[in-house]
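Inside the fold
Each chain, letter by letter, is given below.
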Amino acid sequence: MTFSRGSLGLRIFYAMAVFLFVIYFSFTAFFVYEKKSDMQKEELIHGRQLAALLAKSVRLGVLTESPNLLKAPVEDMLQERDVILVQIFAEDGSPLLTQRRADKNTLGLPVEIISRLKYENMDAVGKAGSLADFIGSDLIEFWSPVVSKIIGNEEELFFNKEAVRKDAVVTGFVRIIIHTESLKWGLVSVLSRGAIIPTLFL
């Protein structure tokens, strides 16, 4: 009789332990997923803001196709977190200025490969007349048209990413490439904290 009670109690204990384990780790998985989603959104917003700011800063330099006028805003952009490459293009796609950040990891790839122009991306930005981003496994490209004149609300270029701006006069393009290294280290930190959470309940 004592053995039966002990066996029943042991089964109940195991069942409760499994139940708590599932609850704890479900909460951890949800926590990690939400933090990862928030961090990715922040990274995209940050990149779009940089592209919009750069496009506004290089208007005169693009219009006159003067590398001297483009150099300062490009160098300022290279000081931003995780930015490894900045390029400015004329309306026809010809490069006006390309600069990379030497102290950043470029995945062992030559700058020529990283900076290789994808004309389909430029075409998509030109047709939409607004910002666009292209996400890879280790790099994110941010594009923005350089607009010399807008009839209407300039903020639409950022807030309404899909809007077609037929009234915008596009004179060139900017391209910013960001390394996702900081994002990955942030996710490692989140995973580490997430792994600790269940132990707080034990």
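First, a word on what this report is: a plain description of the structure on this page. Computed from a predicted structure; not experimentally measured. (Residues numbered from 1 in each chain as written. Predicted model: local features only at pLDDT ≥ 70, side-chain atom pairs only at ≥ 80, totals over all residues. Heavy atoms only, no water.)

1. Considerations on the overall build of the protein chain
Secondary structure summary: the protein chain contains 7 helices and 5 strands in total. Reading the protein chain from its N end, one meets helices and strands in the order α-α-α-β-β-α-α-β-β-α-β-α. Put simply, the protein chain has 202 residues, and 40% of those count as buried. (Helix = DSSP H or I, 4+ residues; strand = E, 2+ residues; numbered from the N terminus. Buried < 20%, exposed > 50% of the residue type's maximum accessible area, 1.4 Å probe, protein only.)

2. Concerning the pattern of salt bridges
The full count for this structure, using the stated rule, is 4 salt bridges. A salt bridge links Glu43 to Arg81; the nearest nitrogen and oxygen atoms lie 3.1 Å apart. A residue pair is termed long-range when its members are at least 10 positions apart, and Glu43 in helix α1 (residues 2-57) and Arg81 in the loop between α3 (67-77) and β1 (83-90) qualify at 38 residues. Ionic pairing is found between Asp133 and Arg48, a salt bridge with its closest N-O pair at 2.8 Å. (Salt bridge = Lys/Arg side-chain N within 4 Å of Asp/Glu carboxyl O.)

3. Brief notes about the nonpolar core
Counting residues in hydrophobic clusters, the biggest one holds 24 residues, and the most contacted among them are Leu54, Val58, Val86, Ile88 and Ile176. Mapped onto this core, the elements with two or more residues apiece are α1, α3, β1, β2 (95-100), β4 (139-149) and β5 (169-179). No other element matches the 5 residues that α1 contributes to this core. Those residues in contact with Leu54, other than ones at most four positions away along the chain, are Pro73, Val74, Met77, Val86, Ile88, Val174 and Ile176. Counting residues in each nonpolar core, the second largest holds 7 residues, with Phe89, Trp143, Val170 and Phe173 among its members. (Core = buried A, V, L, I, M, F, W, Y, C linked by side-chain atoms within 4.5 Å. Contact = heavy atoms within 4.5 Å.)

4. A word on a nonpolar patch on the surface
On the surface, a nonpolar cluster with roughly 550 Å² of combined accessible area is contributed by Leu8, Ile12, Met16, Phe19, Leu20 and Ile23. Relative to the assigned elements, Ile23 resides in helix α1. (Patch = residues over 30% accessible without salt bridge, like charges linked within 9 Å, V, L, I, M, F, W, Y side chains within 5 Å. Areas by Shrake-Rupley, 256 points an atom, 1.4 Å probe, with all protein chains shown as cover.)

5. Concerning the packing of aromatic side chains
In this structure the tally under the stated criterion is 1 aromatic pair. Their ring planes at 15° and their centres at 5.6 Å tell us that Phe89 and Trp143 sit as a pair that is stacked. You can see Phe89 sitting in strand β1 and its partner Trp143 sitting in strand β4, a full 54 residues away along the chain. No difference in accessibility class separates Phe89 from Trp143, as the two residues are buried. (Phe/Tyr/Trp six-rings, centres within 6.5 Å; stacked < 30°, edge-to-face > 60°.)

6. Things to note about the pairing of β2
On a regular strand, one side chain projects to one face of the sheet and the next to the other, so that they alternate. Relative to β2, β1 runs antiparallel, the two sharing 5 bridges. Bridged to Phe89 within β2 is Pro95. Adjacent in sequence and paired antiparallel, β1 and β2 are bridged by 4 residues, among which Gly93 carries a positive phi angle near 95°. (Pairing = 2+ DSSP bridges.)

7. Quick look at the environment of Val174
Tracing the sequence through the fold places Val174 in strand β5. C-alpha of Val174 to C-alpha of Leu97: the two residues are 77 residues apart in sequence and 9.7 Å apart in space. If sequence neighbours within four positions are ignored, Val174 has contacts with Ala51, Leu54, Ala55, Val58, Gln87, Ile88, Phe142, Trp143, Ser144 and Val146.

8. Focus: the environment of Asp82
Within the secondary structure, Asp82 sits in the loop between α3 and β1. For Asp82, a relative accessible area of 1% gives the class buried. Spatially, the C-alpha atom of Asp82 lies 5.3 Å from that of Ile178, the residues being 96 residues apart in sequence.

9. Regarding α3
Those residues of α3 lying buried are Leu70, Pro73, Val74 and Met77. Relative to the axis of α3, the buried residues are bounded by an arc of 105° and lie together on one face. In α3, the exposed positions angled more than 90 degrees off the buried face are occupied by Asn68 and Asp76. (Arc of directions from axis to C-beta.)

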